[in-house]
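# Close look at the chain arrangement
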Amino acid sequence: MAEEHYLELSENPVQFEHASSVNNVFFDEANKQVFAVRSGGATGVVVKGPDDKSSVAFRMDDRGEVKCIKFSIGNKILAVQRTLKSVDFINFIPDYPHTEFSQECKTKNASVLGFCWTSWNEVVFVTDQGIEFYQVFPDKRSLKLLKSQNINVNWYQYCPETAVILLSTTVQGNVLQPFAFRNGAMTKMSKFEIELPVVPKPAKLSLSERDIAMATIYGQLYVMYLKHHSRTVNSPGAEVVLYHLPREGICKKSHVLKLNTTGKFALNIVDNLVVVHHQSSQTSLIFDIKLKEPECAVNTHQPVLPARSIHPYRIPLSGPAAVPTQPPVPCQLYSSSWSVFQPDIIISASEGYLWYLQVRLPPAVRLLQDKGKLMDFLLRRRDCKMVILSVCSQILEAQENGSLPVVATVFDKLNQVYKEYLEAEQSYTAAVESGPTRGAAAQKRPVRTQAVIDQSDMYTHVLSAFTERKDVSHKFIIAVLMEYIRSLNQNQITVQHYLYELVIKTLVQNSLFYMLHQFLQYHVLSDSKPLACLLLSLESTYPPAHQLSLDMLKRLSTANDEIVEVLLSKQQVLGALRFIRSVGAHDNVSARKFLDAARQTGDQMLFYTVFRSFQQRNQRLRGNPSFNPGEHCEEHVAYFKQLFGEQALMKPSTV
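Just so we're clear, the structure is a prediction, and the values are computed from it rather than from any experiment. (Residues numbered from 1 in each chain as written. Predicted model: local features only at pLDDT ≥ 70, side-chain atom pairs only at ≥ 80, totals over all residues. Heavy atoms only, no water.)

### Considering the domain arrangement of the protein chain
In plain terms, the rule: Throughout the structure description, domain borders are defined by an automatic or database domain assignment.
Parsing the protein chain into structural domains produces domain 1 (1-13 + 208-313 + 336-360), domain 2 (17-190) and domain 3 (568-654). Relative to domain 3, the C-alpha centre of domain 1 lies at a distance of 78 Å.

Set out below in C-alpha cells:
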C-alpha cells in the first residue's frame, strides 16, 4: 500500500508562526504569500512566499482587527482592510513616503467584502453592492476610480492567473457574474447559472462559496462546482461539475466528475489533474478531463485511479527544543484545520505549514493496468519522460506474444506526440526563414515537453538494453524493433540509422541472414551511408553483405569518391578497391590515399596487396610499375622495400 500513494505534500513546506490568540494568519492567493500578523501588526508582520528569499518582516500601527492583508504584485504596495468601509495602503517602494493612506468605497451603505490586486498599482474592491476598480498612485498617496459596476453580491472568488473575479449574485447565489481585468480595463463577461440539485422555497442563499473554485486546466479557465447529492433515497453520490469560462462567448457546462460517494470535499488542481479530497475517508481522487471514458456519457468522468490517501508526512522537529534523536511527528492528514487553495496549495494554520500538493507518477503505473490509457495519462504529465521509458521497458520485459499489440499501441501514442512536436518545429523554422509577415503575430518556438520521446531516448533507455537480453526470444526482439520502425514510418518520421543497425546486429547475432537479405531487398530497412558501412563490416560473417552494401551506396547516388572515403575510414581498404574497380574508376584514383589507409591498418599483407595492385595499374597505363613523382608515394615505396626487400618490387615488363 505504501507505494500506492500517488499524491504527496512538498518536501520543503513554507513554515510560518501558527495561528493563535495573538497571531492571525492570512493567505494571499495571487502572490502565494502567508501573512502572520501579531497584535494587529503592532508587534510585527511576517510575510513568507513560495521561496524563503521573498520573506518580508515589518511593523504597522494597530488600528483595529485586520480582516484582509495583501501585497500588490512585486511587493510594491501593501493593502490592509480593517473596516467594512475602507482599505488602507502603505508604500513599500524605496524612496516613497511610508505613511498610510486610505480609500473608502464609493457606494453608500455598501460593505467591503474584500479586495484583489490585478497589477502592481491596480486594485478591485468587492462590496455587497458591486465592484470598484481603482488605480493607485503611490507617489500622490491617492487612488483614482477607473470603473465601477453596481450588482448585488453574496460572495466572490478571484483567479489570479487569469485576473478574473467571479461574483455570486441573486437571492439563491447561483447566478455567477465574471469580470476580467487587463491593462487598466475591466470587461464584463457573460453571466451564467449553476444548476442547483434542489431549488429552495422560499428562495434563500443556496450556493456556498465553499463549493465553487476557479482554476486553469490545460490552459482553459474553468469554474468548478461541488454538487452535493440531494437527500433523496436513490440519490447518486456527489459530483464536480466543470463550467468552461471563455474570455468571450457563453460559459457552458463541459465536464462532470463522478465522486461516487458523499461527504465533505475539497478541490485542488495539480499538473492539470483535478484532485478531490474526501475528508471522512481521508482519501483523494484524481480526474483527467482529457481522458475519455468509453462507457460514460459525453464528458462524464470516473476517477483515473482508485481512491488513495496522500503519502504520510512527518513534521521534522526544529528549534531549540528539538533533540537530534527525537523522531519526526506524523502530520494529521485531511485535518479539519486544513485550508485548501487553488491551484495546488494546502495550509495548516494551526501547525504553521504551507505545502504544495504533488503527483507521484510511479504508483499510477502500478494502479492503472490498461497500458494505452496509462500512456495517455502519463503523456500529459509534467515530469513523465523517465516514467514512460520505464513503462516501455516493463511492457517489453513481459515479452508475451499477446503483448505485441500493446507494444504497438504504446509506440503509436508516443510517436504521435513526437510527430506533432517535429511538425511544430518545422513550421516554426519555416516561419523564421521566411521572415516576419505583416499583421501576423511572431510565431513562438515550440516548447519541447518531457512527453516528446524521440528515437535516441527510445534507443538509449529501452531498445538497446532490450536487444541484449538473453532470456527473450530473438523473434520477439526483432518483432518489437520492426514495430517501432513501422510506427515511425506510419507517422512519417525519418527513421534514424542506429535503429536499423540494431535490427541488423540482432539478425546477424542470431544468424538470420535470409531475413536480413529480405529486409534489404524489399527496402524494409531504408538506405543510408552508415548502414552501408555496417553491411561492409559484416562481409567476413556474411559474404553477400559486401555486394548488398555497394548496391545500397549506388542507390544513394553518393559520389564515388565519397563512398571510397567512407570505406577507407572504416578500414575497408580492399572493399574500397573492389568498389573503385566495379565503377571503372580504378585508373584515376590517388594511390597514396589507398596506401595511407592500408598502412594505417598495420596489416602488412594488406599493404602488400594494395601496393601490388597500384604497381599493376601503373604497368598497364604507362608500361612501368613505378610511381610518378607527382603521386608522392616515395615514403610508401621505402616502407615496402623495408618490409619485403627491393627484390619484391615489380620490374618493368619488357615486350
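### A look at helix H12 (residues 573-582)
Rule in force here: Exposed residues in this analysis have more than 50% of their type's maximum accessible area, buried residues have under 20%, and partly exposed residues fall in between, with area computed by a 1.4 Å probe over protein chains only. Secondary structure elements are defined from DSSP: runs of H or I of at least 4 residues count as helices, runs of E of at least 2 residues count as strands, and each element is numbered from the N terminus. Residue contacts follow a heavy-atom distance rule, with two residues in contact if any of their heavy atoms lie within 4.5 Å.
Regarding H12, the residues found buried are Val573, Gly575, Ala576, Leu577, Phe579 and Ile580. Contact partners of the buried residues in H12: helix H10 (544-555), helix H11 (560-569), helix H13 (591-601) and helix H14 (604-622). Within two residues after H12, Gly584 carries a phi angle of roughly 70°, on the positive side.

### Points about empty space enclosed by the protein
To locate leftover empty space, one rolls a probe as large as a water molecule over the atoms. Rules: Lining residues are those with an atom within 4 Å of a point, where the points come from a 1 Å grid over the protein atoms alone and group into cavities, where a 1.4 Å probe fits but cannot get out, or pockets, open sets with protein on both sides within 12 Å along at least five of seven lines. Grid points are joined across faces, edges and corners, and a volume is the space filled by probe spheres set on the points.
Counted under the stated rule, the structure contains one cavity of 30 Å³ or more. Volume-wise, the largest cavity comes out at about 40 Å³. Lining the largest cavity we find Cys392, Ile395, Leu396, Val407, Val410 and Phe411.

### Description of the layout of surface pockets
This is how it is decided: Throughout this entry, Asp, Glu, Lys and Arg are counted as charged residues, while Ala, Val, Leu, Ile, Met, Phe, Trp, Tyr, Cys and Pro are counted as nonpolar. The remaining residues, Gly among them, count as polar.
Its boundaries defined by the atoms lining it, the second largest pocket holds a volume of some 450 Å³. With five residues, the single largest contributor to the lining of the second largest pocket is helix H4 (residues 404-434). Its residues assigned to classes, the lining of the second largest pocket comprises seven nonpolar, four polar and six charged.

### Regarding the sheet that holds strand E24 (residues 265-270)
Inclusion rule: Here, a strand pair is defined by DSSP locating no fewer than two bridges between the strands. For helices, the fitted axis covers only the stretch in contact; all axes are lines through C-alpha atoms, and the angles between them, taken along N-to-C directions, range from 0 to 180 degrees.
Reading across from one edge, E24-E25-E26 is the order of the three strands in this open sheet, with antiparallel pairing throughout. Unpaired on one side and paired on the other, E24 and strand E26 (283-287) mark the two borders of the sheet. Ignoring which end each strand starts from, the neighbouring axes of this sheet average 25° apart. Here strand E25 (residues 273-278) pairs with E26 via five bridges, running antiparallel. Looking at the pairing, Val274 lines up with Phe287 of E26.

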